[in-house]
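Read off the chains here:
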Amino acid sequence: MRSIESWGRYPQATPARVTHLVDRDAPLPDSDLPMLVFGNGRSYGDVCLNDGGHVLLGQGLDHLITFDPGTGILCAEAGVLLAEILEVVIPQGWFLPVTPGTGHVTLGGAVANDVHGKNHHRAGTFGCHVLRLGLMRSDREPLVCSPLENPEMFQATIGGLGLTGLIHWVEIQLAPIHASDIETTTQRFRNLDEFFEVSAALDTRHEFSVSWIDCLARGESAGRGVFMAGNFATSGSLNDRSRSPSLHVPFIPPISLANTLTIRVWNEIYWRRHPTSLAHSTQGYRSFFYPLDAISNWNRIYGRRGFQQYQCVIPEESAGAGLAALLQTVADHGRGSFLAVLKRFGHQASPGLLSFPMPGVTLALDFPQSTDVEQALFPELDAIVQDAGGRLYPAKDAHMAGRFFRRSYPAWERLEALRDPAFCSSFWKRVLP
Ligand SMILES: Cc1cc2nc3c(=O)[nH]c(=O)nc-3n(C[C@H](O)[C@H](O)[C@H](O)COP(=O)(O)OP(=O)(O)OC[C@H]3O[C@@H](n4cnc5c(N)ncnc54)[C@H](O)[C@@H]3O)c2cc1C
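Residues numbered from 1 in each chain as written. Predicted model: local features only at pLDDT ≥ 70, side-chain atom pairs only at ≥ 80, totals over all residues. Heavy atoms only, no water.

Trainee: Would you take a moment to explain the overall build of the protein for this structure?
Mentor: Helix and strand content of the protein: twelve helices and 21 strands. Computed over its C-alpha atoms, the radius of gyration of the protein comes to 21 Å, within 12% of the 22 Å expected for a compact globule of 433 residues. Each principal axis of the C-alpha atoms in the protein carries an extent, and together these give about 60 × 50 × 45 Å. A buried classification covers 57% of the 433 residues belonging to the protein. (Helix = DSSP H or I, 4+ residues; strand = E, 2+ residues; numbered from the N terminus. Rg over C-alpha atoms; globule rule 2.2 N^0.38 Å. Buried < 20%, exposed > 50% of the residue type's maximum accessible area, 1.4 Å probe, protein only.)

Following this line, the structure appears as structure tokens:
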């Protein structure tokens, strides 16, 4: 047995039996306990946990199988990290079609949560670029799944929260690039109305966009933030100039270093650091896509109790009012967040049954774990999201009530019908009736 924890370090580490997967051709272990694959544990809550069950550690499946630099089609075992793929493909003029905010995610994890990135408004989710995948289940022979082969299982596996079996390998279509640097445009916005204006103007001209928002600001400054947009440079080097991770949080402090005071000071500095008018610069892809990867173990700053990320999406028609209500509620509770991210999702449909994005705006906030956050703040935020017709992201979740999940993901019953009977997760046990 071994204690397994997710990125939020909440729920507390859960003991599970573990098996290291190393051989792509080996059958699934014969287990009397429910199984679940653990990618690299970059999910924040319990979607990658299997309390008291059997965890299959997927990172040993780490071989690139094929890569055609002519077409940009890559096939790799599911334990390969996105950062490892980039090391190989960037020099050949290719990039991931979609990447989340960290490169320390496995291919299998990217598929199972159907992750999104800064280009969702252009490219949709990761699953939109998966051509085929290999699936191993306890109840049938290994399957190849694609939009044409076993399409129902393909749809269920993308965003399927690891419940349809072991994803063995994944074939994806990469995106061509001419250089690895990003030309960025930065623009401050003074409130939410301005965010929507800036987003409408810059999203159309940029492949990537994301905003930081000051969730402690009140009164006239409520909803202020910084909009960051970017495109790959059209010429230049395919050698990354940005530096490798250099900082490290060496130990877990007894209490969280993120509190209202430190966050207020940080927010003010961050706001002032950005110029009032449109600013342009060029930066390496790592610092643009993966700023947090420069500090290893940054999740430790939240202390022994860990933290929870609250990530919701509010549909387009109710986004303005819904976001204003969420930010007001967070400010009323005196709860800030170092990381406060706002991003407009586009209209491209996700292929997964349970994919999170919908046309609208997503907000992500980190909170040190406390009873007050879980029992007072989150229920209020959940009520706002539900009333606005939105939903929470299972990859980040450790608190959502089962009824809320089932109402906002009505396809859950189809996934349950296609779940591998030998697989389950702490998340699934929590949200199912
Ligand atoms: C700093 C940071 C930034 C992030 N930014 C974003 C973002 O911008 N957008 C976004 O969408 N997400 C984001 N995330 C979340 C992260 O991308 C997802 O949680 C991702 O799924 C984690 O992948 P993982 O390999 O660590 O998998 P894990 O977290 O270990 O597992 C995730 C799920 O995948 C399943 N799984 C993993 N491997 C396999 C396999 N081989 N077969 C079957 N199932 C498998 C697990 O069972 C589990 O259900 C971020 C996370 C961090 C820490």
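Trainee: Could you clarify how one ought to interpret unusual backbone geometry in this entry?
Mentor: Apart from glycine, the bulk of residues carry a negative phi angle, and the bulk of peptide bonds sit in the trans form. The omega torsion of the bond from Tyr10 to Pro11 falls at 0 degrees, within 30 degrees of zero and hence cis. Mapping Pro11 onto the fold places it in the loop between strand 1 (2-4) and strand 2 (14-20). For Asn150, which is not a glycine, the phi torsion comes out positive at approximately 45 degrees. Within the secondary structure layout, Asn150 lies in the loop between strand 9 (143-145) and helix 4 (151-157). Under the relative-accessibility criterion, Asn150 is labelled partly exposed at 36%. A positive phi angle, near 60 degrees, is found at Asn297, a position not held by glycine. Looking at the element boundaries, Asn297 is found in the loop between strand 17 (295-296) and strand 18 (307-315). Asn297 gets classed as partly exposed once you look at its relative accessible area, which sits at 24%.

Trainee: Can you help me understand the nonpolar core in this one?
Mentor: Looking at soluble globular proteins, one finds that nonpolar side chains tend to be buried together. Counting residues in each nonpolar core, the largest one holds 99 residues, and the members touching the most others are Phe126 and Trp428. For Trp428, the contacting residues outside a window of four places in its chain are Leu161, Leu163, Leu354, Phe405, Trp412, Leu415, Glu416 and Arg419. (Core = buried A, V, L, I, M, F, W, Y, C linked by side-chain atoms within 4.5 Å. Contact = heavy atoms within 4.5 Å.)

Trainee: What's the story with the site of the ligand in this structure? I'm lost.
Mentor: Close contacts around the ligand come from 33 residues, with Val37, Arg42, Ser43, Thr106 and Tyr393 the closest. The backbone of Gly109 places a nitrogen or oxygen atom 2.9 Å from an oxygen atom of the ligand. The side chain of Asn113 places a nitrogen or oxygen atom 2.8 Å from an oxygen atom of the ligand. Taking 960 Å² as the accessible area of the ligand by itself, protein coverage stands at 95%. Looking at the shell around the ligand, the elements with two or more residues in it are strand 3 (35-38), helix 2 (107-112) and strand 10 (166-173). Partitioned by chemical class, the residues of the shell around the ligand number 18 nonpolar, 13 polar and two charged. (Near = heavy atom within 4 Å. Polar contact = N/O pair within 3.5 Å; in protein donor to acceptor, adjacent residues only side chain to side chain. Areas by Shrake-Rupley, 256 points an atom, 1.4 Å probe, with all protein chains shown as cover. Nonpolar A, V, L, I, M, F, W, Y, C, P; charged D, E, K, R; others polar.)

Trainee: Help me understand the sheet that holds strand 13 (residues 208-213) in this model?
Mentor: Two orientations exist for strands paired in a sheet by backbone hydrogen bonds: parallel and antiparallel. Judged by pairing direction, the sheet is antiparallel, and its eight strands sit side by side in the order 16-12-14-13-19-20-18-21 without closing on themselves. The sheet terminates laterally at strand 16 (279-284) and strand 21 (391-392), the two strands that pair on one side only. Looking at chain direction, strand 12 (residues 181-189) and strand 16 are connected through six bridges and run antiparallel. What sits directly across from Thr184, in strand 16, is Ser281. (Pairing = 2+ DSSP bridges.)

Trainee: Where do I start with the sheet that holds strand 10 in this structure?
Mentor: Ordered in space as 5-6-10-8-9, the five strands form an open sheet in which the pairing is antiparallel. Strands with a single pairing partner mark the edges of an open sheet, and in this sheet they are strand 5 (64-68) and strand 9. Across the sheet, the mean angle from the axis of one strand to that of its neighbour is 15 degrees, orientation sign disregarded. With three bridges joining them, strand 8 (residues 130-136) and strand 9 adopt antiparallel strand pairing. Opposite Leu133, over in strand 9, you have Cys145 as the bridge partner. (Axes fitted to C-alpha atoms, helices over the stretch in contact; angles between N-to-C directions.)

Trainee: What am I meant to see in the packing of aromatic side chains here?
Mentor: Given two aromatic rings, one states the distance between the centres and the angle between the planes to describe the pair. Evaluation of the coordinates by the stated rule reveals 26 aromatic pairs. Among the aromatic residues, those joined into a ring-pair cluster are Phe95, Phe208, Phe232, Tyr285, Phe288, Phe289 and Tyr290. Above the plane of the ring of Trp271 lies Arg188, whose end atom (NZ or CZ) is 3.9 Å from the centre. One residue, Arg391, lies across the ring of Tyr409, its end atom 4.9 Å from the ring centre. (Phe/Tyr/Trp six-rings, centres within 6.5 Å; stacked < 30°, edge-to-face > 60°. Lys NZ or Arg CZ within 6 Å of the ring centre and 35° of its normal.)

Trainee: Can you walk me through the pattern of salt bridges in this structure?
Mentor: Opposite charge on two side chains lets them pair, provided their charged atoms get close. As enumerated under the stated definition, the model contains 16 salt bridges in all. For Arg132, the salt bridge is made with Glu171, and the minimal N-O distance between the two is 3.4 Å. Separated by 39 residues along the polypeptide, Arg132 in strand 8 and Glu171 in strand 10 bring together distant segments of the chain. You can call Arg132 partly exposed: its relative accessible area is 30%. When its relative accessible area of 14% is taken as the criterion, Glu171 is described as buried. A salt bridge links Arg140 to Asp139, with the nearest nitrogen and oxygen atoms 3.7 Å apart. Given a relative accessible area of 41%, Arg140 falls into the partly exposed group. With relative accessibility at 39%, the residue Asp139 sits in the partly exposed group. Among the charged side chains, a salt-bridge network with shared partners connects Asp214, Arg224, Glu268 and Arg272. (Salt bridge = Lys/Arg side-chain N within 4 Å of Asp/Glu carboxyl O.)

None of the figures reported here should be taken as evidence of function without further support.
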